[in-house]
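Geometric and topological summary
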Amino acid sequence: MCGITGIVTLDSDNIGELLVKCSRKLTYRGYDSVGVAAVREGKVDLRKDVGTVDEVDRLLGLSKMRGDRGIAQLRWATYGAPTKVNAQPHFGCDEVFYGAHNGNIHNYVEYKQELIDAGHKVRSENDGELCVHAVDKYYEQTGDMLEAVRLSTQDLKGAFAYTVGRADQAEIYAVKMGSSLVAGVADGATIVSSDLPSVLPLTSNVIYLADGEMLVLTHDKVRVYRVEDGKKLERPPQRSTVDVHAAEKGGYPHFMLKEINEQPQIAKDVMGVLAGADNEEWLKMIEDSSRLYLVACGSSHNAGILGTYYFNRLAGMPVYHAIGGQFEPMYGNTLDDESLCILVSQSGETKDILNVLNHVRDANLGKTLGVVNVIGSTLMFQADSYIPMACGYEVSVPATKTYFSQTVIFSYLAAKLGERNGHLDRSEAKTFIRSLKDDLPKLAQATIDRTGILTKNLARTLVNVKDLYCLGYGFTDGVAREGALKIKEICYNHCEGMYSSEFKHGPLSIVTRDYPVIFVTTTEDSWMVTNHINEVRARGGRTIIVGEREDRLEPYVDAEGDYLSVPVSNVLLNPLLDVIPLQMLSYFFSVDLGVNPDLPRNLSKTLTVD
Ligand code: F6R
């Protein structure tokens with residue numbers, strides 16, 4: 001989704017530099033186009049174009065712009081193609097109002113027409129422009145910016161946040177109506193932004209906001225008001241403990257590689273969280289539920305698939321898993337007072353997941369437990385309880401360490417629940433939990449060390465491959481889907497992830513000589529997977545194996561590099577480790593193809609749209 005940043009500062013020399021520096025941290029939210037509106041001596045200087053922050057900065061000198069207040073926007077295109085005219089910020093009817101939004105205005109078509117009929121000069125096909133015109137319209141009627149922002153929310157339908165200003169006023173205004181927004185108060189400057197990483201370069205004094213709240217920024221303070229009745233709210237800044245350097249590459253060529261390499265530490269950190277005091281609350285919520293749903297999108301959903309296997313195996317508990325948008329049509333009428341929806345979202349802002357949260361709350365049926373990485377996100381605040389993924393910021397668009405953390409969380413919860421409900425032998429549960437705590441960090445590191453060079457070499461042999469499959473069986477179902485998602489996401493290839501026993505029910509027809517199929521397995525499933533491997537080999541296909549080294553699998557690899565072997569471990573750790581070579585393979589594959597894996601085309605890290 002898009003990212004907005006607004007800053008008011010005492011120092012009129014460096015607004016462009018500040019806006020570029022801070023909004024660069026939102027690059028993961030959108031990189032189709034970038035714009036900055038800076039106000040100096042009552043005049044708005046608006047520069048925008050297609051490209052990333054750095055590209056547009058080079059082209060238009062954004063960081064040299066001067067003024068004491070301004071707004072920047074990074075766009076991920078939804079309404080309107082990624083063109084200069086659709087880039088944000090936008091002006092209102094003339095060059096007095098300027099503003100930018102994040103989110104979607106659902107009544108775009110009707111409202112645009114209404115504004116045009118009322119004489120507004122709407123220039124673009126982008127819904128963000130309507131936010132500026134809505135404020136323009138109500139300012140005409142009230143002569144009061146805050147009231148105009150408040151009234152604009154009656155016209156604008158959808159989930160969004162925007163920030164807006166007037167050339168002749170020193171303040172910047174913002175409103176949060178379903179999309180993320182956070183503010184900060186520094187020495188001599190204030191900031192409002194779509195996400196914390198862009199606030200932190202300026203200050204750690206942070207103000208978290210709820211939906212239906214408006215802000216007024218002056219250089220020394222941020223005032224918060226309620227949209228409903230315009231009432232002023234007390235909201236002193238809190239000190240954020242998030243590390244400002246978390247969003248830096250730390251010597252790695254890409255965030256993705258850095259984040260893959262952080263996984264051994266994540267294993268330790270998330271196990272630390274799970275051993276904490278809140279653990280009892282989460283376990284009780286699950287135990288007390290009549291039915292358990294696990295809802296997530298993309299990589300988080302793939303982690304949820306693996307979680308479903310762990311819950312069955314270790315706790316004997318059925319889990320209904322669904323992707324976010326599927327939940328309501330598939331399970332919406334099956335909720336009851338005691339059902340529990342586990343909502344899994346790295347960003348905590350994914351609209352498909354917040355829709356489920358709202359559905360559960362509106363129906364007043366059951367509870368929600370978030371599994372969330374971004375502290376201060378909507379899911380974190382609005383779920384009945386939440387489990388933090390403890391990953392720090394994940395900057396690269398492809399999820400790696402957060403998927404890994406989610407899978408550790410599910411395996412741990414399942415083992416604890418199994419121990420408590422007697423499904424799992426006590427000593428078996430303890431051994432598994434001990435292996436998560438003591439062995440997993442070392443094994444994850446050993447996997448990275450061992451498969452780094454192998455995946456690099458293997459990737460080189462795949463550069464001309466445009467089409468492949470990644471198959472898993474049993475516990476590695478979700479792992480294979482995740483590997484395939486990584487490859488298609490950052491290599492722009494067709495790579496389908498599916499259940500290996502399903503392959504013969506149709507897709508097998510694609511296999512011809514040297515057609516590549518990746519098989520992901522645990523040691524307990526490899527006896528079955530060899531059947532599926534044989535079906536591919538018999539048609540001349542090339543098989544690549546991910547799993548522990550096993551004699552029975554050796555005959556099926558033609559080259560050393562086609563066997564991405566993970567270290568020997570408790571079999572229940574196999575699926576946690578197997579994803580690592582797939583992440584690395586997709587990374588090297590992407591780099592070999594000349595793609596920047598951190599910023600794959602057409603995507604955005606936080607999807608706050610339907
Ligand atoms: C893939 C990826 C996406 C996200 C999905 C859900 O690498 O990152 O598929 O997993 O958009 O995002 P969250 O977890 O933030 O809800």
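Preceding this section is the structure that the text describes.
Sequence order sets the numbering: in each chain, residues are counted from 1 along the sequence as written. Local features in this predicted model are restricted to residues whose pLDDT is 70 or higher, and side-chain atom pairs enter the listing and the counts only when it is 80 or higher, whereas totals over whole chains, interfaces and linings include all residues. Computation of side-chain values: all heavy atoms of the structure, hydrogens and water removed.

Considering the overall build of the protein
Put simply, the rule is: Elements are defined by DSSP. Helices are runs of H or I of four residues or more, strands are runs of E of two residues or more, and each kind is numbered from the N terminus. As a reference, a globule follows 2.2 Å times the number of residues to the power 0.38, and the radius of gyration itself is taken over C-alpha atoms. With a 1.4 Å probe rolled over the protein chains alone, any residue whose accessible area is under 20% of its type maximum counts as buried; one over 50% counts as exposed, and the rest are partly exposed. Contacts were defined at the residue level, with two residues in contact if any of their heavy atoms lie within 4.5 Å. Here the open area of atoms and residues is found with the Shrake-Rupley method and a 1.4 Å probe, where only the protein chains shown may cover a residue. All tallies of charge rest on Lys and Arg as positive and Asp and Glu as negative; His and the ends of each chain are not included. Where a charge lies is defined by one atom per residue type, namely NZ (Lys), CZ (Arg), CG (Asp) and CD (Glu).
When its secondary structure is counted, the protein shows 17 helices and 25 strands. The C-alpha radius of gyration computed for the protein amounts to 25 Å, which stays within 12% of the reference 25 Å derived for 610 residues, consistent with globular compactness. Counting only C-alpha atoms and orienting by the principal axes, one finds that the protein spans roughly 75 × 50 × 45 Å. Evaluated residue by residue, the protein yields a buried proportion of 63% over its 610 residues. Once local pairs closer than 6 in sequence are excluded, the contacts in the protein between residues at least 24 apart make up 72%. Carbon together with sulfur atoms contributes 48% to the accessible area of the protein, which is approximately 22100 Å² in total. The centroid of the 62 positive side-chain charges in the protein is displaced by 3 Å from the centroid of its 80 negative side-chain charges.

Some remarks on the sheet that holds strand S3 (residues 43-50)
Using the following cut-off: Pairing between strands is defined by DSSP: at least two bridges between the two strands are required.
Taking strand neighbours across the sheet as the criterion, the eight strands line up as S3-S2-S4-S1-S10-S9-S11-S15 in an open arrangement whose pairing is antiparallel. Looking along the sheet, the strands with just one partner apiece sit at the ends: S3 and strand S15 (238-239). Judged from the three bridges that link them, strand S9 (residues 182-186) and strand S11 (residues 205-208) form a sheet pairing that is antiparallel. Its bridge partner lying in S11, Gly184 is registered against Val206.

Points about the pairing of strand S22 (residues 494-499)
The pairing of strand S21 (residues 467-472) with S22 spans six bridges and is parallel. Across the sheet, the residue bridging to Gly472 is Tyr499, located in S22.

Quick word on the pattern of salt bridges
Basically, it comes down to this: The term salt bridge refers to a pairing of a side-chain nitrogen on Lys or Arg with a carboxyl oxygen on Asp or Glu at a separation within 4 Å.
Inspection of the entire model under this criterion finds 33 salt bridges. Here Asp155 and Lys137 are joined by a salt bridge, their closest N and O atoms 2.7 Å apart. Remark: Lys137 occurs in helix H4 (residues 128-142) and Asp155 occurs in helix H5 (residues 145-155); sequence separation between them is 18 residues. Of the two residues, Asp155 and Lys137, both sit in the buried class. Through salt bridges with shared partners, a single ionic network connects Lys416, Glu419, Arg426 and Lys430.

What to know about the nonpolar core
To keep things clear, this is the line we draw: Throughout, nonpolar core names a set of buried Ala, Val, Leu, Ile, Met, Phe, Trp, Tyr and Cys residues whose side chains join them through atoms within 4.5 Å. Annotation comment: domain bounds sourced from an automatic or database domain assignment.
Counting 83 residues, the largest nonpolar core has Ile286, Tyr310, Phe311, Ile342, Ile409, Leu440 and Ile518 as its most contacted members. At 11 residues, the largest contribution of residues to this core is made by helix H14 (residues 426-461). Counting contributing residues per domain, this core is built from domain 2 (250-424) and domain 3 (456-597), each supplying no fewer than three. Those residues in contact with Ile286 that lie beyond four places of it in its chain are Leu292, Phe311, Met317, Leu340, Ile342, Leu369, Leu413 and Leu417. Leu19, Val53, Leu196 and Val199 belong to the second-largest nonpolar core, a separate cluster that totals 30 residues.

Points about empty space enclosed by the protein
Heads up, the condition is: Whether a set of points on the 1 Å grid over the protein atoms alone is a cavity depends on a 1.4 Å probe fitting there but being unable to get out, while an open set qualifies as a pocket with protein on both sides within 12 Å along at least five of seven lines; lining residues are those with an atom within 4 Å of a point. Grid points are joined across faces, edges and corners, and a volume is the space filled by probe spheres set on the points. Side-chain classes are defined by residue name, with Ala, Val, Leu, Ile, Met, Phe, Trp, Tyr, Cys and Pro counting as nonpolar, Asp, Glu, Lys and Arg as charged, and the others, Gly among them, as polar.
Tallied over the entire structure, the rule returns three cavities of 30 Å³ or more. Estimated volume of the largest cavity: approximately 70 Å³. In this structure, the largest cavity is lined by Tyr28, Arg29, Asp195, Gln346, Ser347, Glu349, Val374, Tyr393, Glu394, Lys605 and Thr606. Of the residues contributing to the lining of the largest cavity, the split by class is three nonpolar, three polar and five charged.

Brief notes about the environment of Asp211
Stated precisely, the cut-off is as follows: Any pair of nitrogen or oxygen atoms within 3.5 Å is treated as a polar contact; in protein, a donor-acceptor pairing is required on top of that, and neighbouring residues in sequence qualify only through side-chain atoms on both sides.
By the secondary structure assignment, Asp211 is in the loop between S11 and strand S12 (213-217). A residue is classified by how much of its surface remains accessible, and Asp211, at 32% relative accessible area, is partly exposed. Those residues in contact with Asp211 that lie beyond four places of it in its chain are Lys176, Met177, Gly178, Ser179, Thr378 and Gln382. Separated by 2.9 Å, the side chains of Asp211 and Lys176 make a polar contact. Of the polar contacts made by the side chain of Asp211, one reaches the backbone nitrogen of Gly178; its length is 2.7 Å.

Observations concerning the side chain of Ser124
Summarising the element assignment, Ser124 is placed in the loop between helix H3 (108-117) and H4. Classification of Ser124 by relative accessible area gives buried; the value is 3%. In this structure the side chain of Ser124 is engaged in a polar contact, spanning 3.1 Å, whose partner is the backbone nitrogen of Asn126. Aside from chain neighbours lying at most four places away, what touches Ser124 is Val85, Asn86, His90, Tyr108, Lys112 and Glu129.

Notes on the side chain of Arg75
Here Arg75 shows up in strand S4 (residues 69-75). No salt bridge is formed by the buried Arg75; its nearest oppositely charged neighbour, Asp127, is found at 5.9 Å. Polar contacts involving the side chain of Arg75 include one to the main-chain carbonyl oxygen of Tyr79, which spans 2.6 Å. Each residue touching Arg75, except ones within four places of it in the same chain, is listed here: Cys2, Gly30, Tyr31, Asp32, Ser33, Gly80, Ala81, Pro82, Thr83, Asn86, Ala87 and Asn126.

Things to note about the packing of aromatic side chains
This is how the line gets drawn: For Phe, Tyr and Trp, where Trp contributes only its six-membered ring, two rings pair if their centres lie within 6.5 Å, and the inter-plane angle classes them as stacked under 30 degrees, edge-to-face over 60, or tilted in between. The criterion for a charge sitting over a ring is simple: Lys NZ or Arg CZ within 6 Å of the ring centre, and within 35 degrees of the ring normal.
Summed over all chains, the structure comprises 16 aromatic pairs. Seen from their ring centres, Tyr293 and Tyr331 are 5.5 Å apart, and the 50° between their planes marks the pair as tilted. Residue Tyr293 is located in strand S16 (residues 292-296), and its partner Tyr331 is located in helix H10 (residues 327-331); the two are separated by 38 residues in the primary sequence. A relative accessible area of 16% means that Tyr331 is categorised as buried. Each member of the aromatic cluster is reached from another via a ring pair, and the members are Tyr293, Tyr320, Phe327 and Tyr331. A cation over an aromatic ring shows up here: Arg549 above the ring of Tyr563, its NZ or CZ 4.3 Å from the ring centre. One Lys or Arg, Arg601, reaches over the ring of Tyr492 and ends 3.8 Å from the middle of that ring.

A short note on the packing of helix H15 (residues 477-491) against helix H17 (residues 574-592)
When two helices pack together, their arrangement is given by the angle between the helix axes and the distance between those axes. Applied cut-off: Interaxial angles span 0 to 180 degrees and are taken between N-to-C directions of axes, which are lines fitted to C-alpha atoms, for helices over the stretch in contact. Each angle is binned into one of four classes, with values under 35 degrees roughly parallel, values over 145 roughly antiparallel, values of 65 to 115 roughly perpendicular, and all other values oblique. By definition, any crossing whose near helix is turned counterclockwise from its far helix by less than a right angle is left-handed, and any crossing with a clockwise turn is right-handed.
Close contact between H15 and H17 brings their axes to 9 Å; oriented N to C, the two are set at 15°. Overall, the two elements H15 and H17 adopt an arrangement that is roughly parallel. At the point where H15 passes H17, the crossing takes the right-handed sense. Each of Val479, Glu482, Gly483, Lys486, Ile487, Ile490 and Cys491 in H15 lies in contact with H17, whose residues at this interface are Pro575, Asp578, Val579, Leu582, Leu585, Ser586, Tyr587, Phe589 and Ser590. A per-class count over the contact of H15 with H17 returns 10 nonpolar, three polar and three charged.

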